[in-house]
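Read off the chains here:
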Amino acid sequence: MAVTVTSPGRVNLIGEHTDYNGGWVLPAALSVSLTATLMPREDRRISVSARGYSGTAERTIDDAAGGDWSDPAVGSIIEAINLGLLKGGADISVQSSIPAGSGLSSSAALVVTLLKAAREAAGSSLSDTEIAVAARRVENDYIGVPCGIMDQMAVAISKPGEAMALDTSSLEYRVVALPKTHDMVVIHSGKTRKLTDGRYAERKEECDAAKAAFGTNHLCLLDPEAVEAADIDETVRRRARHCATEHRRVHASIEALESGDTCQFGALMVASHASMRDDFEMSLPAIDALVEDAVEQGATGARLTGGGFGGCIVACVDRAKRSEWQEALLAKHPKARFVDAITPE
Ligand code: GLA
(Lines give C-alpha, C1' and ligand atoms only; values in the text may rest on other atoms or scores of the structure.)
Protein backbone atom coordinates (compact mmCIF):
# COMPACT_ATOMS: atom_id res chain seq x y z
CA MET A 1 0.00 0.00 0.00
CA ALA A 2 1.31 3.46 -0.90
CA VAL A 3 1.63 5.98 1.94
CA THR A 4 1.83 9.77 1.49
CA VAL A 5 3.31 12.09 4.14
CA THR A 6 4.06 15.84 4.16
CA SER A 7 6.63 17.69 6.33
CA PRO A 8 7.36 21.41 6.53
CA GLY A 9 10.66 23.18 5.96
CA ARG A 10 11.90 25.08 8.99
CA VAL A 11 13.57 28.38 9.74
CA ASN A 12 15.69 28.75 12.83
CA LEU A 13 14.77 32.00 14.59
CA ILE A 14 17.88 31.95 16.80
CA GLY A 15 20.43 29.47 18.24
CA GLU A 16 22.86 28.50 15.49
CA HIS A 17 25.40 25.67 15.85
CA THR A 18 24.28 25.19 19.44
CA ASP A 19 22.55 21.87 18.72
CA TYR A 20 25.71 19.74 18.80
CA ASN A 21 27.19 21.74 21.65
CA GLY A 22 24.64 21.02 24.37
CA GLY A 23 22.50 24.13 23.85
CA TRP A 24 19.02 25.32 22.99
CA VAL A 25 17.55 26.30 19.60
CA LEU A 26 14.36 28.08 18.49
CA PRO A 27 13.23 26.79 15.07
CA ALA A 28 9.78 27.26 13.52
CA ALA A 29 7.92 25.36 10.79
CA LEU A 30 7.39 27.13 7.46
CA SER A 31 4.62 26.82 4.92
CA VAL A 32 7.01 25.55 2.22
CA SER A 33 6.91 21.77 2.51
CA LEU A 34 7.86 18.41 1.07
CA THR A 35 5.44 15.60 0.23
CA ALA A 36 6.57 12.04 -0.49
CA THR A 37 4.68 8.91 -1.49
CA LEU A 38 6.32 5.63 -0.56
CA MET A 39 5.38 2.19 -1.86
CA PRO A 40 7.32 -0.69 -0.22
CA ARG A 41 8.95 -3.24 -2.58
CA GLU A 42 9.82 -6.91 -2.09
CA ASP A 43 13.23 -6.62 -3.80
CA ARG A 44 16.29 -4.49 -2.98
CA ARG A 45 15.63 -1.67 -5.44
CA ILE A 46 14.94 1.95 -4.57
CA SER A 47 13.44 4.10 -7.27
CA VAL A 48 13.19 7.84 -6.52
CA SER A 49 11.50 10.37 -8.72
CA ALA A 50 11.51 13.94 -7.57
CA ARG A 51 9.93 16.95 -9.16
CA GLY A 52 12.02 20.01 -8.50
CA TYR A 53 15.15 17.88 -8.00
CA SER A 54 17.06 16.01 -10.67
CA GLY A 55 14.54 13.63 -12.22
CA THR A 56 14.70 9.93 -11.39
CA ALA A 57 17.33 7.85 -9.59
CA GLU A 58 17.54 4.05 -9.62
CA ARG A 59 19.43 2.84 -6.55
CA THR A 60 19.51 -0.24 -4.27
CA ILE A 61 19.60 -0.80 -0.52
CA ASP A 62 23.23 -1.94 -0.93
CA ASP A 63 24.39 1.45 -2.28
CA ALA A 64 26.82 3.59 -0.31
CA ALA A 65 26.27 7.36 -0.26
CA GLY A 66 28.07 8.96 -3.20
CA GLY A 67 27.22 12.64 -3.08
CA ASP A 68 24.05 12.08 -5.13
CA TRP A 69 20.83 14.08 -4.58
CA SER A 70 19.05 10.77 -3.89
CA ASP A 71 21.40 9.79 -1.02
CA PRO A 72 18.99 11.01 1.70
CA ALA A 73 16.26 8.79 0.22
CA VAL A 74 18.53 5.73 0.06
CA GLY A 75 19.79 6.37 3.61
CA SER A 76 16.20 6.67 4.84
CA ILE A 77 15.19 3.32 3.37
CA ILE A 78 18.26 1.60 4.85
CA GLU A 79 17.44 3.17 8.24
CA ALA A 80 13.79 2.09 7.92
CA ILE A 81 14.97 -1.49 7.28
CA ASN A 82 17.27 -1.31 10.34
CA LEU A 83 14.30 -0.11 12.41
CA GLY A 84 12.20 -3.03 11.16
CA LEU A 85 9.77 -0.74 9.31
CA LEU A 86 10.54 -2.05 5.81
CA LYS A 87 11.74 -5.40 4.48
CA GLY A 88 13.21 -4.25 1.16
CA GLY A 89 13.43 -1.26 -1.16
CA ALA A 90 10.73 1.19 -2.16
CA ASP A 91 9.27 3.27 -4.97
CA ILE A 92 9.34 6.88 -3.90
CA SER A 93 8.00 10.04 -5.47
CA VAL A 94 8.81 13.42 -3.99
CA GLN A 95 7.45 16.91 -4.51
CA SER A 96 8.99 19.82 -2.67
CA SER A 97 8.65 23.58 -2.43
CA ILE A 98 11.56 23.85 0.04
CA PRO A 99 14.50 25.36 -1.85
CA ALA A 100 17.55 23.06 -1.49
CA GLY A 101 20.86 24.45 -0.22
CA SER A 102 19.13 27.32 1.54
CA GLY A 103 19.37 26.46 5.22
CA LEU A 104 15.68 25.53 5.40
CA SER A 105 16.13 21.79 6.07
CA SER A 106 15.16 20.30 2.72
CA SER A 107 17.29 17.22 3.45
CA ALA A 108 15.88 16.69 6.96
CA ALA A 109 12.36 17.10 5.54
CA LEU A 110 12.98 14.34 2.99
CA VAL A 111 14.45 11.91 5.52
CA VAL A 112 11.82 12.57 8.21
CA THR A 113 9.01 12.27 5.65
CA LEU A 114 10.25 8.92 4.35
CA LEU A 115 10.77 7.53 7.84
CA LYS A 116 7.26 8.65 8.84
CA ALA A 117 5.88 7.04 5.67
CA ALA A 118 7.70 3.79 6.48
CA ARG A 119 6.36 4.01 10.07
CA GLU A 120 2.82 4.31 8.73
CA ALA A 121 3.31 1.50 6.20
CA ALA A 122 4.48 -0.75 9.07
CA GLY A 123 1.76 0.39 11.50
CA SER A 124 4.56 1.15 14.00
CA SER A 125 4.14 3.27 17.14
CA LEU A 126 7.59 4.91 17.02
CA SER A 127 7.29 8.47 18.36
CA ASP A 128 8.09 11.59 16.34
CA THR A 129 11.14 12.16 18.55
CA GLU A 130 12.35 8.63 17.76
CA ILE A 131 11.83 9.38 14.06
CA ALA A 132 13.89 12.60 14.43
CA VAL A 133 16.72 10.74 16.18
CA ALA A 134 16.72 8.09 13.43
CA ALA A 135 16.69 10.82 10.75
CA ARG A 136 19.77 12.43 12.32
CA ARG A 137 21.50 9.03 12.17
CA VAL A 138 20.91 8.97 8.42
CA GLU A 139 22.67 12.35 8.07
CA ASN A 140 25.52 11.50 10.49
CA ASP A 141 26.22 7.86 9.67
CA TYR A 142 25.01 7.33 6.10
CA ILE A 143 25.44 10.70 4.36
CA GLY A 144 28.37 11.76 6.58
CA VAL A 145 27.15 15.23 7.67
CA PRO A 146 27.96 15.67 11.40
CA CYS A 147 24.81 17.77 12.03
CA GLY A 148 22.91 18.17 15.29
CA ILE A 149 19.26 17.27 15.97
CA MET A 150 17.53 20.65 15.45
CA ASP A 151 16.33 20.23 11.87
CA GLN A 152 14.96 16.73 12.34
CA MET A 153 13.09 17.65 15.53
CA ALA A 154 11.66 20.83 13.98
CA VAL A 155 10.57 19.13 10.79
CA ALA A 156 9.12 16.09 12.59
CA ILE A 157 7.23 17.97 15.29
CA SER A 158 6.71 21.72 14.91
CA LYS A 159 3.59 23.27 13.39
CA PRO A 160 3.32 26.37 11.19
CA GLY A 161 2.82 29.62 13.11
CA GLU A 162 4.64 28.65 16.29
CA ALA A 163 8.23 28.20 17.40
CA MET A 164 9.78 25.23 19.18
CA ALA A 165 12.06 25.94 22.15
CA LEU A 166 14.19 22.81 22.13
CA ASP A 167 16.84 21.68 24.61
CA THR A 168 19.04 19.63 22.29
CA SER A 169 20.61 17.74 25.22
CA SER A 170 17.42 16.29 26.68
CA LEU A 171 15.20 16.67 23.55
CA GLU A 172 12.59 18.28 25.78
CA TYR A 173 10.74 21.13 24.10
CA ARG A 174 7.90 23.54 24.48
CA VAL A 175 5.87 25.58 22.05
CA VAL A 176 6.51 29.34 21.98
CA ALA A 177 3.66 31.42 20.55
CA LEU A 178 4.92 34.16 18.24
CA PRO A 179 3.69 37.77 18.49
CA LYS A 180 0.77 38.50 16.15
CA THR A 181 2.02 42.00 15.39
CA HIS A 182 5.14 40.91 13.51
CA ASP A 183 6.06 38.56 10.65
CA MET A 184 9.16 36.39 10.53
CA VAL A 185 10.23 36.83 6.92
CA VAL A 186 12.63 34.46 5.18
CA ILE A 187 14.67 35.98 2.35
CA HIS A 188 17.08 33.95 0.24
CA SER A 189 20.45 35.64 -0.25
CA GLY A 190 20.89 34.11 -3.71
CA LYS A 191 23.95 32.19 -2.46
CA THR A 192 23.41 28.43 -2.11
CA ARG A 193 25.56 26.06 -0.13
CA LYS A 194 25.72 22.40 0.88
CA LEU A 195 26.26 20.99 4.36
CA THR A 196 28.36 18.32 2.65
CA ASP A 197 30.86 20.88 1.28
CA GLY A 198 33.16 20.50 4.31
CA ARG A 199 32.77 23.86 6.02
CA TYR A 200 30.07 22.60 8.40
CA ALA A 201 32.34 19.67 9.34
CA GLU A 202 35.25 22.07 9.85
CA ARG A 203 33.23 24.08 12.40
CA LYS A 204 32.21 20.84 14.12
CA GLU A 205 35.90 19.86 14.41
CA GLU A 206 36.79 23.28 15.82
CA CYS A 207 34.02 22.88 18.39
CA ASP A 208 35.41 19.45 19.25
CA ALA A 209 38.80 21.10 19.83
CA ALA A 210 37.12 23.68 22.07
CA LYS A 211 35.35 20.88 23.98
CA ALA A 212 38.71 19.20 24.57
CA ALA A 213 40.31 22.50 25.65
CA PHE A 214 37.54 23.21 28.18
CA GLY A 215 37.02 19.59 29.20
CA THR A 216 33.27 19.65 28.49
CA ASN A 217 30.83 18.33 25.91
CA HIS A 218 28.54 21.29 26.54
CA LEU A 219 30.27 24.37 25.13
CA CYS A 220 26.98 26.23 25.32
CA LEU A 221 26.88 25.90 29.10
CA LEU A 222 30.29 27.54 29.60
CA ASP A 223 30.32 30.86 31.40
CA PRO A 224 31.28 33.49 28.78
CA GLU A 225 33.67 35.00 31.34
CA ALA A 226 35.48 31.67 31.69
CA VAL A 227 35.79 31.57 27.90
CA GLU A 228 37.47 35.01 27.94
CA ALA A 229 39.81 34.08 30.79
CA ALA A 230 41.04 30.75 29.37
CA ASP A 231 44.56 30.45 27.98
CA ILE A 232 43.63 28.93 24.60
CA ASP A 233 43.99 29.37 20.86
CA GLU A 234 42.08 32.44 19.60
CA THR A 235 40.04 30.56 16.99
CA VAL A 236 38.98 28.02 19.60
CA ARG A 237 38.03 30.91 21.92
CA ARG A 238 35.91 32.57 19.24
CA ARG A 239 34.01 29.36 18.46
CA ALA A 240 33.40 28.69 22.17
CA ARG A 241 32.36 32.30 22.75
CA HIS A 242 29.76 32.03 19.99
CA CYS A 243 28.28 28.85 21.50
CA ALA A 244 28.18 30.21 25.07
CA THR A 245 26.66 33.58 24.11
CA GLU A 246 24.27 32.21 21.45
CA HIS A 247 22.78 29.75 23.95
CA ARG A 248 22.05 32.65 26.32
CA ARG A 249 20.51 34.62 23.45
CA VAL A 250 18.10 31.73 22.79
CA HIS A 251 16.85 31.87 26.39
CA ALA A 252 16.59 35.66 26.29
CA SER A 253 14.69 35.41 22.97
CA ILE A 254 12.15 32.96 24.35
CA GLU A 255 11.49 35.37 27.19
CA ALA A 256 11.28 38.37 24.84
CA LEU A 257 8.89 36.63 22.43
CA GLU A 258 6.68 35.29 25.21
CA SER A 259 6.29 38.80 26.60
CA GLY A 260 5.71 40.28 23.14
CA ASP A 261 8.94 42.33 23.26
CA THR A 262 9.83 42.24 19.57
CA CYS A 263 12.36 45.10 20.00
CA GLN A 264 14.37 43.03 22.44
CA PHE A 265 14.06 39.94 20.21
CA GLY A 266 15.27 42.02 17.25
CA ALA A 267 18.30 43.23 19.21
CA LEU A 268 19.13 39.62 20.07
CA MET A 269 18.88 38.65 16.38
CA VAL A 270 21.32 41.41 15.46
CA ALA A 271 23.74 40.30 18.22
CA SER A 272 23.40 36.71 17.01
CA HIS A 273 24.31 37.73 13.48
CA ALA A 274 27.39 39.62 14.69
CA SER A 275 28.48 36.54 16.65
CA MET A 276 28.00 34.28 13.60
CA ARG A 277 29.92 36.75 11.44
CA ASP A 278 32.83 37.52 13.80
CA ASP A 279 33.15 34.58 16.19
CA PHE A 280 31.81 31.59 14.28
CA GLU A 281 32.83 33.01 10.87
CA MET A 282 29.95 31.38 9.02
CA SER A 283 28.57 34.38 7.11
CA LEU A 284 29.42 35.96 3.74
CA PRO A 285 29.78 39.68 2.87
CA ALA A 286 26.64 39.56 0.69
CA ILE A 287 24.65 38.14 3.61
CA ASP A 288 26.06 40.70 6.06
CA ALA A 289 24.93 43.45 3.68
CA LEU A 290 21.45 41.91 3.35
CA VAL A 291 21.07 41.68 7.14
CA GLU A 292 22.31 45.24 7.62
CA ASP A 293 19.91 46.63 5.02
CA ALA A 294 17.01 44.55 6.39
CA VAL A 295 17.47 46.37 9.69
CA GLU A 296 18.10 49.73 8.08
CA GLN A 297 14.83 49.38 6.13
CA GLY A 298 12.97 48.92 9.40
CA ALA A 299 13.11 45.26 10.50
CA THR A 300 13.23 44.94 14.29
CA GLY A 301 16.12 42.53 13.75
CA ALA A 302 17.58 40.15 11.17
CA ARG A 303 20.12 37.37 11.00
CA LEU A 304 21.56 34.59 8.89
CA THR A 305 19.68 31.33 9.56
CA GLY A 306 20.75 27.67 9.29
CA GLY A 307 24.15 26.08 8.75
CA GLY A 308 25.70 29.21 7.20
CA PHE A 309 28.04 30.08 4.29
CA GLY A 310 25.02 30.97 2.14
CA GLY A 311 21.27 30.42 2.22
CA CYS A 312 18.65 32.58 3.89
CA ILE A 313 18.24 35.35 6.39
CA VAL A 314 15.25 35.71 8.71
CA ALA A 315 13.92 39.12 9.71
CA CYS A 316 11.35 40.19 12.29
CA VAL A 317 9.17 42.85 10.66
CA ASP A 318 6.17 44.87 11.84
CA ARG A 319 3.28 43.41 9.82
CA ALA A 320 1.87 46.82 8.95
CA LYS A 321 5.19 47.87 7.34
CA ARG A 322 6.07 44.53 5.81
CA SER A 323 5.24 45.01 2.11
CA GLU A 324 7.02 48.37 1.92
CA TRP A 325 10.02 46.91 3.76
CA GLN A 326 10.23 43.89 1.48
CA GLU A 327 9.98 45.93 -1.68
CA ALA A 328 12.76 48.30 -0.59
CA LEU A 329 15.06 45.47 0.51
CA LEU A 330 14.64 43.39 -2.66
CA ALA A 331 15.11 46.48 -4.85
CA LYS A 332 18.49 47.01 -3.19
CA HIS A 333 19.45 43.32 -3.41
CA PRO A 334 18.39 42.05 -6.85
CA LYS A 335 19.86 38.57 -6.26
CA ALA A 336 17.83 38.09 -3.07
CA ARG A 337 14.29 36.68 -3.17
CA PHE A 338 11.35 36.16 -0.85
CA VAL A 339 10.89 32.52 0.22
CA ASP A 340 8.32 32.37 3.02
CA ALA A 341 6.96 34.23 6.03
CA ILE A 342 5.52 33.17 9.37
CA THR A 343 2.46 35.32 10.05
CA PRO A 344 0.92 34.15 13.33
CA GLU A 345 -2.85 34.65 13.68
C1 GLA B 1 22.31 22.77 10.01
C2 GLA B 1 22.36 21.48 10.83
C3 GLA B 1 21.77 21.70 12.22
C4 GLA B 1 22.38 22.93 12.91
C5 GLA B 1 22.40 24.13 11.96
C6 GLA B 1 23.17 25.29 12.54
O7 GLA B 1 21.00 23.12 9.74
O8 GLA B 1 21.65 20.45 10.19
O9 GLA B 1 21.95 20.55 13.00
O10 GLA B 1 23.66 22.64 13.40
O11 GLA B 1 22.97 23.80 10.71
O12 GLA B 1 22.51 25.79 13.64
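Residues numbered from 1 in each chain as written. Predicted model: local features only at pLDDT ≥ 70, side-chain atom pairs only at ≥ 80, totals over all residues. Heavy atoms only, no water.

1. Description of the environment of Asp231
Cut-off, in case you're wondering: Working definition: helices are DSSP H or I runs of at least four residues, strands are E runs of at least two. Numbering for both runs from the N terminus.
Tracing the chain through its elements places Asp231 in the loop between helix 6 (224-229) and helix 7 (234-258). For the pair Asp231 and Ala213, spaced 18 residues apart in the sequence, the C-alpha separation amounts to 9.3 Å.

2. A word on helix 2 (residues 106-122)
For an α-helix, 3.6 residues make a turn, and residues three or four places apart therefore share a direction. Here is the rule we go by: The span one expects for a helix is its residue count, reduced by one, times 1.5 Å. Summary of the burial criterion: residues with accessible area below 20% of their type's maximum are buried, those above 50% are exposed, and those between are partly exposed, where the area comes from a 1.4 Å probe applied to protein chains only.
Given a rise of 1.5 Å per residue, 17 residues ought to cover 24 Å, and the 24 Å separating the end C-alpha atoms of helix 2 matches this to within 8%. A large share of helix 2 lies buried, amounting to 13 of its 17 residues. Note on helix 2: the residue one or two positions beyond its end, Gly123, has a positive phi of about 65 degrees.

3. Things to note about the packing of helix 2 against helix 4 (residues 150-157)
Just so we agree on the cut-off: To get an axis, fit a line to the C-alpha atoms, keeping to the stretch in contact for a helix; angles then go from 0 to 180 degrees between the N-to-C directions. By the definition adopted for this analysis, an angle is roughly parallel if under 35 degrees, roughly antiparallel if over 145, roughly perpendicular if from 65 to 115, and oblique otherwise. Handedness of a crossing is defined here by the sense of rotation of the near helix relative to the far one, left-handed for an anticlockwise turn of less than a right angle and right-handed for a clockwise turn. Throughout, a contact is declared for two residues whenever any of their heavy atoms are within 4.5 Å. Residues are grouped as follows: nonpolar covers Ala, Val, Leu, Ile, Met, Phe, Trp, Tyr, Cys and Pro; charged covers Asp, Glu, Lys and Arg; every other residue, Gly included, is treated as polar.
As a packed pair, helix 2 and helix 4 sit with axes 9 Å apart at the nearest point and diverge in direction by 55 degrees. Taken as axis vectors, helix 2 and helix 4 run oblique relative to one another. Read as a crossing pair, helix 2 and helix 4 show a hand that is right-handed. For the pair formed by helix 2 and helix 4, the contact residues are Ala108, Ala109, Val112 and Lys116 on the first element and Asp151, Gln152, Val155 and Ala156 on the second. When grouped by side-chain class, the residues that make up the contact of helix 2 with helix 4 number 5 nonpolar, 1 polar and 2 charged.

4. Observations regarding the site of the ligand
Here is the rule we go by: To be near a molecule or strand, a residue needs just one of its heavy atoms within 4 Å of it. Under the rule applied, a polar contact is a pair of N or O atoms within 3.5 Å (in protein, one hydrogen donor and one hydrogen acceptor; residues adjacent in sequence only if both atoms are side-chain atoms). Accessible surface area values rest on a Shrake-Rupley calculation with a 1.4 Å probe, where residue burial reflects the displayed protein chains alone. What marks off one domain from the next here is an automatic or database domain assignment.
Surveying the vicinity of the ligand reveals 13 residues, the closest of which are Glu16, His17, Asp19, Asp151 and Tyr200. Taking Arg10, its side chain carries an N or O atom lying 3.2 Å from an oxygen atom of the ligand. Between the ligand and His17 there is a distance of 2.7 Å, counted from an oxygen atom to a backbone nitrogen or oxygen. Relative to its free-state accessible area of 300 Å², the ligand is covered by the protein chains to the extent of 99%. Looking at which domains feed residues into the shell around the ligand, each of domain 1 (3-176) and domain 2 (178-342) supplies at least three.

5. Overview of the domain arrangement of the protein chain
Here is the rule we go by: The term buried area refers to how much accessible surface (probe radius 1.4 Å) is lost by two components on association, counted for both of them together.
As assigned here, the protein chain comprises domain 1 (3-176) and domain 2 (178-342). Each of domain 1 and domain 2 was reduced to a C-alpha centroid, and the two centroids are 23 Å apart. Facing 41 residues of domain 1, the contacting portion of domain 2 comprises 50 residues. A buried area of about 3,400 Å², summed over both sides, lies between domain 1 and domain 2, and 67% of it is on carbon and sulfur atoms. Where domain 1 touches domain 2, the interface holds 19 residue pairs in polar contact (both at pLDDT 80 or more). Those elements giving two or more residues to the side of domain 1 that touches domain 2 turn out to be strand 1 (3-12), strand 2 (24-25), strand 3 (27-40), strand 7 (162-167) and strand 8 (173-177). The class makeup of the residues in the side of domain 1 that touches domain 2 is 22 nonpolar, 14 polar and 5 charged.

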